[in-house]
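Listed below, chain by chain, are the residues.
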Amino acid sequence: MDNSIESNLFEIRKTIPNSVKLVAVSKFHPAASITEAYNIGQRVFGESKVQELTAKQEVLPKDIEWHFIGHLQSNKVKFITPFISLIHSVDSLKLLEEINKCAKKDNRIIDVLLQIHIAKEQTKFGFSPKECIRTLNSISLSDFSNIRIVGLMGMATFTDDENEIRREFKTLTSLFNELKGTIFSTSADFKELSFGMSDDYLIAIEEGSTMVRVGSKIFGERNYQ
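Residues numbered from 1 in each chain as written. Predicted model: local features only at pLDDT ≥ 70, side-chain atom pairs only at ≥ 80, totals over all residues. Heavy atoms only, no water.

Draft legend 1. Main features of the nonpolar core. Core analysis: the largest hydrophobic core is formed by 61 residues, its most contacted members being I87 and L152. When residues in this core are grouped by element, the largest group, six residues, is from helix α6 (residues 162-181). In this structure I87 touches F68, L72, I80, I99, I110, D111, V112 and L113, once residues within four positions along its chain are discounted. Of all hydrophobic cores here, the second largest spans seven residues; its members include V23, L86, M153 and M211. (Core = buried A, V, L, I, M, F, W, Y, C linked by side-chain atoms within 4.5 Å. Buried < 20%, exposed > 50% of the residue type's maximum accessible area, 1.4 Å probe, protein only. Helix = DSSP H or I, 4+ residues; strand = E, 2+ residues; numbered from the N terminus. Contact = heavy atoms within 4.5 Å.)

Draft legend 2. Region of interest: the packing of helix α5 (residues 129-137) against α6. The N-to-C vectors of α5 and α6 enclose an angle of 20°; their axes lie 11 Å apart at closest approach. Classified by the angle their axes make, α5 and α6 are roughly parallel. Crossing hand, α5 versus α6: right-handed. On the side of α5, the interface is formed by P129, C132, I133 and L136, while α6 contributes T171, L175, E178 and L179. Grouping the constituent residues of the contact of α5 with α6 by class yields six nonpolar, one polar and one charged. (Axes fitted to C-alpha atoms, helices over the stretch in contact; angles between N-to-C directions. Parallel < 35°, antiparallel > 145°, perpendicular 65-115°, else oblique. Left-handed = near helix turned anticlockwise from the far one by under 90°. Nonpolar A, V, L, I, M, F, W, Y, C, P; charged D, E, K, R; others polar.)

Draft legend 3. Summary view of the pairing of strand β3 (residues 65-68). For strand β2 (residues 44-47) and β3, the ladder comprises four bridges, and the chain directions are parallel. Residue V44 lies in a different strand from β3, and its bridge partner there is E65. As paired strands, β3 and strand β4 (residues 86-90) are joined by two bridges and run parallel to one another. Bridging from a neighbouring strand, H67 pairs with L86 of β4. (Pairing = 2+ DSSP bridges.)

Draft legend 4. Region of the structure containing the side chain of T54. Position of T54 relative to the elements: it lies in helix α3 (residues 50-59). Owing to a relative accessible area of 18%, T54 belongs among the buried residues under this scheme. With residues up to four places along the chain from it excluded, the contact list for T54 reads F79, I80 and F83.

Draft legend 5. Structural view of the pattern of salt bridges. Using the criterion set out here, one finds 14 salt bridges in the structure. Residue R166 pairs with E162 through a salt bridge whose shortest N-O separation is 3.2 Å. Remark: E162 and R166 occur in helix α6; sequence separation between them is four residues, near one turn of the helix. R166 gets classed as buried once you look at its relative accessible area, which sits at 19%. In this structure, E164 and R167 form a salt bridge, with 2.7 Å as the shortest nitrogen-oxygen distance. On the criterion of helical spacing, the pair formed by E164 and R167 is a turn pair, its members being three residues apart in helix α6. Taken together, the salt bridges that share partners define one network made up of E162, R166, K170, E206 and E207. (Salt bridge = Lys/Arg side-chain N within 4 Å of Asp/Glu carboxyl O.)

Here it is in structure tokens:
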């Protein structure tokens, strides 16, 4: 059986509609693996560690669309704002403010997603749906001129229970629709739902995801050393 990155990507692309963006999660994989995927047309890659991301960004092609998908500490924002395309994991007002501040220094407008906690695991980050609404109502979006809130992100519980996964994804989609009809009713930019990973991305697409983050099904198991 051919388990190359090329064949893996080909098989995954066959299952993803053109309307859904595939983020190849390359964290903990070497630059050579990213180059292999790049050479067959993949341009969007997701990383979760700032130091690893900046090291790869320096040596890999400049037309790569880098997405930051992990928990982001405020004191590390400045290292990625010069080049990042999308930050998936904005989980606090403090982080939102820091991204806006650093983006302004870099003379950029950076797209971000608000991370929503939909899983049962308390170890996962994110606003609760109520916290998200409350936070957005407490600020003026016009004060954040160097960021664009383009949608929501979430991660389902790590479980084999498909019904639970669907329920959590539906919670995220419902919140998105509520915000789209109220706070972001005049924003054409607010259109992305980032949920679904290697084990549940097909369910995610059925539940409305516009962006799936697939790693191990493309690159194989990660080397954490």
